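Analysis of the macromolecular model
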Amino acid sequence: MPRQFFKFNGGVMPADHKAASTSLPIAEFAALASLPGELVIPLQQGNGGSLRALVEAGTQVLKGQRIGVGYDDTGTAVHASTSGLVKAVEMRRMPHPSGLSALCVVIAPDGEERWITRTPFDYRRAGLAATRDYLRDAGVLVGGDFGATGQLATLVINGAESEPRITCDDMLMRERADGVIQGIAILREVLRASEVLIGIEDNQPEAIAAMRAALAKRGAENTQVAAVPACYPTGNARLLIRVLTGIEVPHSRRFADYGVECFDTSTAYAIYQAITLGQPMVSRIVTVAGNVERPRNIEAPLGVPLRALLALCGPQADTNRVIMGGPMMGMTMPGDEVPVVKTTHCVLAGSPALFPPPPPEMPCIRCGDCARACPADLQPFELYSFARARQFGKAQEYHLFDCIECGCCTYVCPSKIPLVDYYRFAKSEILARQRDQEFADAARERYQFRLLRAEREKQEKAARLATKAAAAHAPTAEDAKDAKDTKKALIAAAIARARQQKEQVTPANIDALTPEQRAEIAKIEARREALQSSAKTAPPQDE
Amino acid sequence: MSNHAPYIRQPASVRSIMLKVLAALLPGIAAYVWWFGAGVLVQIALASAAALAGEAAMLALRRKPLWLFLGDGSALVTAWLIALCFPADGPWWLVVAAALFAIVAVKHFFGGLGRNAFNPAMAAYCLMLVVTPQWMSESQSPVAGQEWQWVALGYLLGGLWLIRQRVITWHIPTAFLVALTAIAGGFHVFNPAAYAGVEFYLLSNSAMLGAFFIATDPVTGATTPRGKLFYAGGIAVLTWSIREFDIYPDGIALATLLMNSCAPLIDRCTQPPVFGNKIEPPAA
Ligand code: SF4
Ligand code: SF4
């Protein structure tokens, strides 16, 4: 059953270095070392929204106990990743280049790993809405509009781990294919998908074989493992959907509008754990690689500091930075004490030898290599010149916000221009301006409201005077003046109302952004600070 | 220094690209030397020396990192193209003046590497055509002839190699040669007495040099795939018309400059659709 694949333009093929971290099996953190003195669990995991703490300093928690939930019904819960005592609920540094802090639950493990009672969930009886709520409460990141759009034509499972050095999904599929397949079967049933396509890059033959074997054993119908051609960034959901189904979902639209959905293999596995085993998300598999002696995959409890993970793999002496994510899109961490969170799939130790500082930046020669490498079909060099000249309107016209920040353009640029840095900078500037605009609008509204209230008070006073006067005696000249005042006040108030309505028309902005875009933007936004400092050193130096 | 992803870079650099362009010129130069003697090598050496000197002086004046930019090879490409376009038996100062003008005025007055709006070599050629027409006249200018066909073949080989190396794409050379063949062939069939045949154009060395090395200058040309087709087609048509109707023996230089000035507009009008916008999306 050879499948026809579809192509996207661009993409690059850097050396994948994946063999390094696949020679050792996945290890449980606890099997290699005892837990560190404290686990730090941000009340912020997932799509950026902050969570409400359910515990306070001094609370005794069990492994898997919910410790944070959303303020509304969209926030994905977080759980204690081990049993122990809550030491504090306080601000700690986030695993984010900005180095910003957020509220975290700090747990001192008691070393006993006592679980809550784990009961499987009967998703068949519960139905879609209840299953969605259950998964949210079990801490599985499935997205707010999970199953919100009825039947699906194709459910895409993303096992195309295209970024170099990252192998956590690869190893997950090799070793735990059965669980992944069961998770996929649940997804398929809940989302009523007619077809399931599991996309795995063809440079992961072991994972493909393991998944095919598990699939054959479980006998899931209309489910296929597709070995897609290895090419970065096929692991991007939008691009994988394109490769497998031929559908191009524009950046401004949701997958579900096109009858497709995409979930990672690790999400499928987390769903299996949550529903079949009744086990909320308290750990994840993390690739530890780069400048370490024994690169491997470790199943790490959430909240473990990155340094503890690195220590298990023998970091080399010249390590000068810790990167969360891969070499193409990973973020340099503000320190190595920041914790593993649900989206941590890889921790790289960096060294000047491994990731040397790029050669000096040269001017753009408009060679177009970046445009040929861009999977979003943008013209990166045009975006660059607009961003550099701070022509942000122009940059948006050239689809700045369609950029997925994959880094392909920077990777190929012969002039060694850090193009993506410019796009992040431009995006955050635009969003900051938009926010300022909104702030100004709000301020003006408040001012208008105050004026209006003053008018109303005046008017009420006049009315009061008028009635009092009318009750007391027959109309006099003075009363007539009062009545005129009242009328004047009424008219003034009406004018003020009309003016206010006119000014309330919101200015044109980067509107029509979907929630995912907003979430993405929020993520980018948080990088802002770090970027601005870099913008001072890297970008514009025109004479 | 960038602190952000991606942390890895492909090895290609401006320098490696320019060196490949120079290497691709070698077969053509070899044929040139074989048929016409080593004179052209002297011209190349003179032009290179002048271009490098001009570049160094301007970099020093503009306080730019000298070795970084001097080593990028772009001045050498300009110099070699000048030497190859100019009459091989011209006086020594001709290429020197042209190379200096190209680097100092056309390149650096516009802001240096990557900023110049016009192709430096072609701008210098046009200037010399105006200032010293006696030295640039047809009798001395390289034109079609049995020997020149070998030189053209050399450029063709080098150009094809550049496409294989992904230094240039097929769009510009193809559009240039196809458009030139179409217009020249069309008019020749229509009136063979008045219009030269296709071979006259295609087999002249300047057509091949133009198709693969001059029109393909990325800095001054169109960059989108569709834009490149229009751009190169435009150069071909203008080259033909200038050659056919004007006093200038070699229309490529002027045609290139004219199209250079249209390149930004062409780019703007030929932006390819972005991902997901190639077909009408279904209703929400
Ligand atoms: S790859 Fe670099 S030099 Fe080439 S066009 Fe893009 S930004 Fe300019
Ligand atoms: S980072 Fe943006 S502009 Fe660059 S290749 Fe990726 S999508 Fe295109």
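Time to look at the overall build of chain B. Looking only at helices and strands, one finds 13 helices and 0 strands in chain B. Taken from the N to the C terminus, the helices and strands of chain B come in the order α-α-α-α-α-α-α-α-α-α-α-α-α. The C-alpha atoms of chain B give a radius of gyration of 20 Å, which matches the 19 Å a tight globule of 284 residues would have. In terms of overall dimensions, chain B has C-alpha extents of about 65 × 50 × 30 Å along its principal axes. Taking all 284 residues of chain B together, 54% fall into the buried category. For chain B, contacts bridging at least 24 residues in sequence account for 76% of all contacts bridging at least 6.

On average, residues of chain B score 88 in pLDDT, and 93% of them are at 70 or above. Interface scoring of the predicted complex returns ipTM 0.91; its pTM is 0.84.

Glancing now at the pattern of salt bridges. Any two side chains of opposite charge can pair if their charged atoms end up close together. All names here are of chain A. Counted under the stated rule, the structure contains 30 salt bridges over all chains. We note a salt bridge from Glu112 to Arg114, for which the minimum N-O separation is 3.1 Å. Overall, the relative accessible area of 35% leaves Arg114 in the partly exposed class. Several salt bridges share partner residues, and in doing so they unite Glu38, Lys87, Glu90 and Arg92 into one network.

A few words now on the site of ligand 2. Residue and element names in this part refer to chain A. Near ligand 2, the surroundings consist of 13 residues, among which Cys374, Cys403, Cys406, Gly407 and Cys409 are the closest. When residues of the shell around ligand 2 are traced back to their parent elements, those giving at least two are α12 (408-412) and α13 (419-472). Here the shell around ligand 2 is composed, by residue class, of 11 nonpolar, 1 polar and 1 charged.

In the vicinity of ligand 1, the residues found are A:Cys364, A:Ile365, A:Arg366, A:Cys367, A:Gly368, A:Asp369, A:Cys370, A:Phe381, A:Cys413, A:Pro414, A:Ser415 and A:Leu419. Within the shell around ligand 1, the residues separate by chemical class into 8 nonpolar, 2 polar and 2 charged.

Residue and element names in this part refer to chain A. In this fold, Glu261 is placed in strand β12 (residues 260-264). Despite its burial, Glu261 pairs with no opposite charge; the closest candidate is Arg254, at 7.2 Å N-O. In this view, Glu261 contacts Leu152, Thr154, Leu155, Val156, Phe255 and Ala256; residues no more than four positions away in its chain are not counted.

Moving on to helix α3 (residues 128-137) of chain A. Here α3(A) has its buried residues at A:Thr131, A:Tyr134, A:Leu135 and A:Arg136. A positive phi of about 80 degrees marks A:Gly139, the residue just after α3(A).

The next thing to look at is the packing of aromatic side chains. This model, assessed by the stated rule, comprises 17 aromatic pairs over all chains. Ring centres of A:Phe355 and B:Tyr7 lie 5.8 Å apart, and the angle between their planes is 40 degrees; on these two criteria the pair is classed as tilted. Pair noted here: A:Phe355 is in the loop between β17 (346-350) and α9 (369-373) and B:Tyr7 is in the segment before α1 (14-36), and the two residues belong to different chains. Residue A:Phe355 is classed as buried on the basis of its relative accessible area, which comes to 4%.

What follows is about the environment of B:Phe86. Among the secondary structure elements, B:Phe86 is positioned in the loop between α4 (74-85) and α5 (92-108). Under the relative-accessibility criterion, B:Phe86 is labelled buried at 1%.

The rules behind each value
- Residues numbered from 1 in each chain as written.
- Chains lettered and ligands numbered in written order.
- Predicted model: local features only at pLDDT ≥ 70, side-chain atom pairs only at ≥ 80, totals over all residues.
- Heavy atoms only, no water.
- Helix = DSSP H or I, 4+ residues; strand = E, 2+ residues; numbered from the N terminus.
- Rg over C-alpha atoms; globule rule 2.2 N^0.38 Å.
- Buried < 20%, exposed > 50% of the residue type's maximum accessible area, 1.4 Å probe, protein only.
- Contact = heavy atoms within 4.5 Å.
- pLDDT = per-residue confidence, 0-100.
- Salt bridge = Lys/Arg side-chain N within 4 Å of Asp/Glu carboxyl O.
- Near = heavy atom within 4 Å.
- Nonpolar A, V, L, I, M, F, W, Y, C, P; charged D, E, K, R; others polar.
- Lys, Arg positive; Asp, Glu negative; His and termini not counted.
- Phe/Tyr/Trp six-rings, centres within 6.5 Å; stacked < 30°, edge-to-face > 60°.

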